[in-house]
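Listed here are the chains, written in short residue letters.
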Amino acid sequence: MSLPSEAALAKRAVSLLWDTCPLEYAPGSLSLTANMYARTSGLHNEGVWHNCIMGIVYHWLSEVEKPAEEYEEALRKLSTSLFENSFDTVEGALKQRVWTACWDHRPEIIEKLYKPHFWKASDEKKASSQSMAVIMYSFLRGSENGNRMYQAMTAKFLDLFLDGDVWISSTTRRHHRAVDQALCLLACLRMLKVHQEGDPIPADRLRDVIVSTRERILDTFGFASPRTALSYLENEEECGLRFVWQEIWVSFALLFSASLLDDPSQGYKQVSTLFRDLCTTYLDRTDKVPEGFLRAEPVSKGLSVDGSKIPAFAGDNALFYALLKSMKQLGVPMEEGAVDFEEHSRGFFKLVETVLSSERGLLYIADIHREEALWANSEFAFALLFQDADFVL
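Caption draft 1: How the structure looks around the overall build of the protein chain. A tally of helices and strands in the protein chain yields 14 helices and 6 strands. A compact globule built from 393 residues would reach a C-alpha radius of gyration of about 21 Å, and the protein chain, at 20 Å, matches this within 12%. A principal-axis box enclosing the C-alpha atoms of the protein chain has dimensions of 55 × 50 × 45 Å. Counting across all 393 residues of the protein chain, residues that qualify as buried make up 58%. For the protein chain, the share of sequence-separated contacts (at least 6 apart) that also reach a separation of at least 24 residues comes to 67%. Element-wise, carbon and sulfur atoms account for 50% of the exposed surface of the protein chain, whose accessible area totals about 16,400 Å².

Caption draft 2: Just the nonpolar core, in detail. Formed by 132 residues in total, the largest nonpolar core has its most connected members in Tyr58, Tyr137, Phe157, Leu186 and Trp249. The biggest single contributor to this core is helix 8 (residues 178-193), with 12 residues. Membership of the second largest hydrophobic core comes to 6 residues, among which are Ala296, Ile310, Ile365 and Ala366.

Caption draft 3: Geometry of empty space enclosed by the protein. For the structure on display, the rule yields 3 cavities of 30 Å³ or more. Computed from the structure, the largest cavity encloses a volume of approximately 140 Å³. Taken together, 16 residues make up the lining of the largest cavity; nearest its centre are His44, Glu46, Asn51, Val98 and Thr100. Of all the elements in the fold, those that place two or more residues in the lining of the largest cavity are helix 2 (48-64) and helix 3 (69-86). When residues of the lining of the largest cavity are assigned to their parent elements, the largest contribution, 3 residues, is made by helix 3. Class assignment for the residues of the lining of the largest cavity results in 5 nonpolar, 9 polar and 2 charged. In this structure, the second largest cavity spans a volume of roughly 50 Å³. What lines the second largest cavity is Tyr150, Thr154, Met191, His195, Asp199, Pro200, Ile201 and Leu206.

Caption draft 4: Structural context of the pattern of salt bridges. This structure, assessed with the given rule, holds 21 salt bridges. A salt bridge links lysine 125 to aspartate 88; the nearest nitrogen and oxygen atoms lie 2.7 Å apart. Here lysine 125, found in the loop between helix 4 (107-110) and helix 5 (127-138), pairs with aspartate 88, found in strand 1 (residues 87-88); they are 37 residues apart in sequence, far enough to count as distant. For the pair shown, lysine 125 and aspartate 88 are each scored as buried.

Caption draft 5: Representation of the environment of phenylalanine 382 within the structure. By the element assignment, phenylalanine 382 lies in helix 14 (residues 374-385). When its relative accessible area of 2% is taken as the criterion, phenylalanine 382 is described as buried. In the structure, phenylalanine 382 is positioned 372 residues away from alanine 10 in sequence and 7.7 Å away in space, judged by C-alpha atoms. Residues within four places of phenylalanine 382 in sequence aside, it is in contact with Ile53, Ile56, Val57, Trp60, Trp249 and Leu319.

Caption draft 6: Local environment of the packing of helix 5 against helix 6 (residues 144-154). With their axes 9 Å apart at the nearest point, helix 5 and helix 6 run at an angle of 155 degrees to one another. Here helix 5 lies roughly antiparallel to helix 6, going by the angle between them. The chirality of how helix 5 crosses helix 6 is left-handed. Where helix 5 abuts helix 6, its residues Gln130, Ala133, Val134, Tyr137 and Ser138 lie against Gly146, Met149, Tyr150, Met153 and Thr154. When grouped by side-chain class, the residues that make up the contact of helix 5 with helix 6 number 6 nonpolar, 4 polar and no charged.

Caption draft 7: Region of interest: the side chain of asparagine 45. Tracing the sequence through the fold places asparagine 45 in the loop between helix 1 (6-19) and helix 2. Excluding residues that lie within four positions of it along the chain, asparagine 45 makes contacts with Leu32, Thr33, Asn35, Met36, Arg97, Trp103, Trp119 and Leu374.

Caption draft 8: Fine view of the side chain of serine 345. Within the fold, serine 345 resides in helix 13 (residues 341-356). According to the relative accessible area criterion, serine 345 is buried, its value standing at 0%. Of the polar contacts made by the side chain of serine 345, one reaches the backbone oxygen of phenylalanine 341; its length is 2.7 Å.

Caption draft 9: Looking closely at the packing of aromatic side chains. Applying the stated criterion to the full structure yields 28 aromatic pairs. Pairing phenylalanine 348 with phenylalanine 380 gives two aromatic rings, centres 6.2 Å apart and planes at 50 degrees, and the pair type is tilted. Taken as a pair, phenylalanine 348 in helix 13 and phenylalanine 380 in helix 14 lie far apart in primary sequence, 32 residues in all. Phenylalanine 380 shares its class with phenylalanine 348; the two are buried.

Caption draft 10: How the structure looks around helix 13. For helix 13, the full list of buried residues reads Phe341, His344, Ser345, Gly347, Phe348, Phe349, Leu351, Val352 and Leu356. On its buried face, helix 13 is in contact with helix 1, strand 5 (283-284), strand 6 (293-294), helix 12 (314-329) and helix 14. Its side-chain oxygen at 3.2 Å from the backbone nitrogen of glutamate 342, aspartate 340 defines the N-terminal cap of helix 13.

Caption draft 11: Molecular detail of the state of the cysteines. On inspection of all chains with the given rule, the structure shows 0 disulfides. Lacking any disulfide linkage, cysteine 21 is separated from the closest cysteine sulfur, that of cysteine 102, by 7.6 Å. Overall, cysteine 21 belongs to the buried group, its relative accessible area being 2%.

Here is what the cut-offs are and how they apply
Residues numbered from 1 in each chain as written. Predicted model: local features only at pLDDT ≥ 70, side-chain atom pairs only at ≥ 80, totals over all residues. Heavy atoms only, no water. Helix = DSSP H or I, 4+ residues; strand = E, 2+ residues; numbered from the N terminus. Rg over C-alpha atoms; globule rule 2.2 N^0.38 Å. Buried < 20%, exposed > 50% of the residue type's maximum accessible area, 1.4 Å probe, protein only. Contact = heavy atoms within 4.5 Å. Areas by Shrake-Rupley, 256 points an atom, 1.4 Å probe, with all protein chains shown as cover. Core = buried A, V, L, I, M, F, W, Y, C linked by side-chain atoms within 4.5 Å. 1 Å grid on protein atoms, 1.4 Å probe; cavity = no way out; pocket = protein on both sides within 12 Å on 5 of 7 lines; lining within 4 Å. Points joined across faces, edges and corners; volume = space filled by probe spheres on them. Nonpolar A, V, L, I, M, F, W, Y, C, P; charged D, E, K, R; others polar. Salt bridge = Lys/Arg side-chain N within 4 Å of Asp/Glu carboxyl O. Axes fitted to C-alpha atoms, helices over the stretch in contact; angles between N-to-C directions. Parallel < 35°, antiparallel > 145°, perpendicular 65-115°, else oblique. Left-handed = near helix turned anticlockwise from the far one by under 90°. Polar contact = N/O pair within 3.5 Å; in protein donor to acceptor, adjacent residues only side chain to side chain. Phe/Tyr/Trp six-rings, centres within 6.5 Å; stacked < 30°, edge-to-face > 60°. Disulfide = S-S within 2.5 Å.

Here you go:
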């Protein structure tokens, strides 16, 4: 089995998401779950994180698809609409969820949805979402308006989320998660990558924060050894829990920040050890596809925290594929017990084709959650197009 064209698959995913929006519609008529895109605003139906993921997808597609104007315009429209609707000028960050005129936000509609709190308007500013916003807007520095939005997006980033030398999760929940350390580190790497004289945060300050955050991931959060890794610091019920989504992002952060070490090979070795643990902990090798599904929680648990079967999320498996691809491109040595790139890639695309795809081609959330959703498809396209060169210094 030859591997499919990543750009073609990502382009198809975007087209299918756009097709969920009718060509004509009245304000307030779009369904929050069925219509995953609004043509008038360029926004998608979920919050800041997934809109920014899609914006980055548009940028990467514009680099590989010619002519690029369609995707450049999609990014311009989305980023402008998101900024105009969601940016809090006082705190200098995006509100987590703002209702726009396209979708039907009636309370009686929202209360019937799965996890209704997810769809409600929220002024909360989340470190993870703001990190992804910083990354997306960093690709817009070539235009005057794009650079203006980027400067506004980054000016208070450290002040808002950096608590000493550890990043908080949000402006309303000041707990500390490993994934927030990783995503904020990646945002700082991106800011350093595109740094210009006169930027709000000096380059030396960014470099110091990146190195410090990397150290906190390894010691405070225990990722120097997978046996001591913590997803959370404070919550006793959650601090010992492990989730693959968090650990994949931690692996990305450690991988791309290794270039700042005196000996990057030592950083790559740490990532290699963590990656081997991801494989042995989360891959369900009993499934009938090569190399198995990547489960959201350790396979050894048998059941999830709520007593149900542990799902294999489309987004988790896509991000794992992107991580494996980046490690191969950067020449990171693989330890015994890790997966082979070619074999796992074939298994991943077989998983997508035979288990996760709906009749119309959009991805389901997971193998046991047979609902189409934006985030399954946005992270899939993001992973297919992922460019490690945009983060490595």
